Amino acid sequence: MEEVRSKDGTAIAFERLGDGQPVIVVGGATCDRAMTRQLAERLAQHFTVINYDRRGRDDSGDTVPYAVEREIEDLGALIAKAGGTASVYGHSSGAGLVLHAAAHGLPIAKLVLHEPPYVPDGDDERRISREYAENLRTILAEGRRGDAVELFMTTVGMTQEMVDQMRHDPTWAGLEAIAPTIAYDSEVMGDSSRGGTVPVNLIGRVTPPTLVLCGGASPAWLIDIGRQIADVLPNGQHSVLEGQEHVVAPELLVPVVAEFFAD
């Protein structure tokens, strides 16, 4: 494990794997670098890969109050450590963070945005996103970390029965430990500010070549969101991984990502 100091002094833990052009892997909500390690290891057959813990997770530090700008600075510090420029893969809300970073002007060569979970621009969808963000803040303020994890999981589609089973799993304690960072992802996705809808103005400032990936077995509205994002991007393209859902096995995902980054 290595560390880099972000602009505000927060220690960001990462591991460096492989050799070649630098690529940074950005996980989504509840993900630490252990959860993205298999992906990073396969990518490392083609590139130098930086796999890191986002702030507030596992070996990385945290500094309050949170702001999306601080996570942009974290990525900036990692890119500097990688040599000054890097390609970046972001999954789920991690893709939302990558969009912020690219729009901010970080020296990113290419982007892969894997199913950023923005919601359709409808009244009900915006209301649900804002209610989720408000409830999440209240639960975390009351110190109910397990309930915060449960709220997130049921909101993204897990059944109550599945969550109840997970509460008895040894991994649950780790999820509770990073529960406050779920609110970070909610802020990244604009749940309160935009009702979780696509940030068109932000996307329009993202100039690097960008591949937006979606799973063919994912909900049709999520695939459509990916297509909308690719259409707005100045240099974007959209691709569907047939038969795949939100999480894709590294052996199926890496060939697509590696081809785009190496092209």
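The structure this text deals with has already been given above.
Summary of the structure given here.

Reading guide: rules and limits
Residues numbered from 1 in each chain as written. Predicted model: local features only at pLDDT ≥ 70, side-chain atom pairs only at ≥ 80, totals over all residues. Heavy atoms only, no water. Buried < 20%, exposed > 50% of the residue type's maximum accessible area, 1.4 Å probe, protein only. Helix = DSSP H or I, 4+ residues; strand = E, 2+ residues; numbered from the N terminus. Pairing = 2+ DSSP bridges. Right-handed = clockwise from strand over helix to strand, strands pointing away. Phe/Tyr/Trp six-rings, centres within 6.5 Å; stacked < 30°, edge-to-face > 60°. Lys NZ or Arg CZ within 6 Å of the ring centre and 35° of its normal. Expected span 1.5 Å × (residues − 1). Arc of directions from axis to C-beta. Contact = heavy atoms within 4.5 Å. Axes fitted to C-alpha atoms, helices over the stretch in contact; angles between N-to-C directions. Salt bridge = Lys/Arg side-chain N within 4 Å of Asp/Glu carboxyl O.

Here we come to the pairing of strand S6 (residues 108-114). With six of seven residues buried, S6 lies mostly within the body of the structure. Judged from the five bridges that link them, strand S5 (residues 86-91) and S6 form a sheet pairing that is parallel. Within S6, the position partnered with His91 by the bridge is His114. In this fold, S5 hands off to helix H3 (residues 93-104), which returns the chain to S6; that crossover is right-handed. In terms of strand pairing, S6 meets strand S7 (residues 210-215) through four bridges, oriented parallel. Within S7, the position partnered with Leu111 by the bridge is Thr210.

Another aspect to go through is the packing of aromatic side chains. Applying the stated criterion across every chain yields a total of three aromatic pairs. Taking 6.1 Å as the distance between ring centres and 80° as the angle between the ring planes, the aromatic pair formed by Phe47 and Phe261 counts as edge-to-face. Taken together, the residues Phe47 in the loop between helix H1 (37-43) and strand S4 (48-52) and Phe261 in helix H11 (residues 250-262) connect sequence positions 214 residues apart. Given the relative accessible area of 3%, Phe261 is considered buried. Relative to Tyr184, the ring of Tyr66 has its centre 3.9 Å away and its plane inclined at 5°; by these criteria the two rings are stacked. Residue Tyr66 is located in the loop between S4 and helix H2 (68-82), and its partner Tyr184 is located in helix H8 (residues 180-188); the two are separated by 118 residues in the primary sequence. With respect to burial, Tyr66 and Tyr184 carry one shared label: buried. A network of ring pairs unites the aromatic residues Phe47, Phe260 and Phe261 as a single cluster. The ring of Phe260 carries the charged tip of Lys110 above its face, separated from the ring centre by 5.2 Å.

Attention shifts here to helix H4 (residues 123-141). Given a rise of 1.5 Å per residue, 19 residues ought to cover 27 Å, and the 27 Å separating the end C-alpha atoms of H4 matches this to within 8%. Turning to H4, its buried residues are Ser129, Tyr132, Ala133, Leu136 and Ile139. What you see down the axis of H4 is that its buried residues fit within an arc of 135°, all on one side. Turned more than 90 degrees off the buried face of H4, the exposed positions are Asp123, Asp124 and Ala141. Buried positions along H4 lie against helix H5 (145-155) and H8. One or two residues past the end of H4 sits Gly143, with phi positive at roughly 75°.

Another aspect to go through is the sheet that holds strand S2 (residues 11-18). Overall, mixed pairing links the eight strands, which are arranged S1-S2-S4-S3-S5-S6-S7-S8 in an open sheet. Unpaired on one side and paired on the other, strand S1 (2-5) and strand S8 (236-241) mark the two borders of the sheet. Across the sheet, the axes of successive neighbouring strands diverge by a mean angle of 25°, strand direction being ignored. Relative to S4, strand S3 (residues 22-26) runs parallel, the two sharing four bridges. In the sheet register, Val23 faces S4, and the bridge partner there is Val49. Packed onto the sheet, H3 meets S3, S4, S5 and S6 and runs at close to 150° relative to S6.

A cis amide bond, omega 0°, links Val64 with the succeeding residue Pro65. Among the secondary structure elements, Pro65 is positioned in the loop between S4 and H2. One non-glycine residue, Asp58, lies in positive phi territory at about 50°. Within the secondary structure, Asp58 sits in the loop between S4 and H2. Positioned with a positive phi, Glu115 is a non-glycine residue whose angle comes to about 50°. Here Glu115 is to be found in the loop between S6 and H4.

Take the pattern of salt bridges next. Scanning the model with the defined rule gives 20 salt bridges in all. Salt-bridge contacts for Asp185 lead to Arg57; the nearest nitrogen and oxygen are separated by 2.5 Å. Placement of the pair is Asp185 in helix H8 and Arg57 in the loop between S4 and H2, with a sequence separation of 128 residues. A single burial state applies to Asp185 and to Arg57, both of which are buried. One salt bridge connects Arg126 with Asp121, and the closest N-O pair in it is separated by 2.3 Å. Taking the relative accessible area as the measure of exposure, Asp121 reaches 61% and is therefore exposed.

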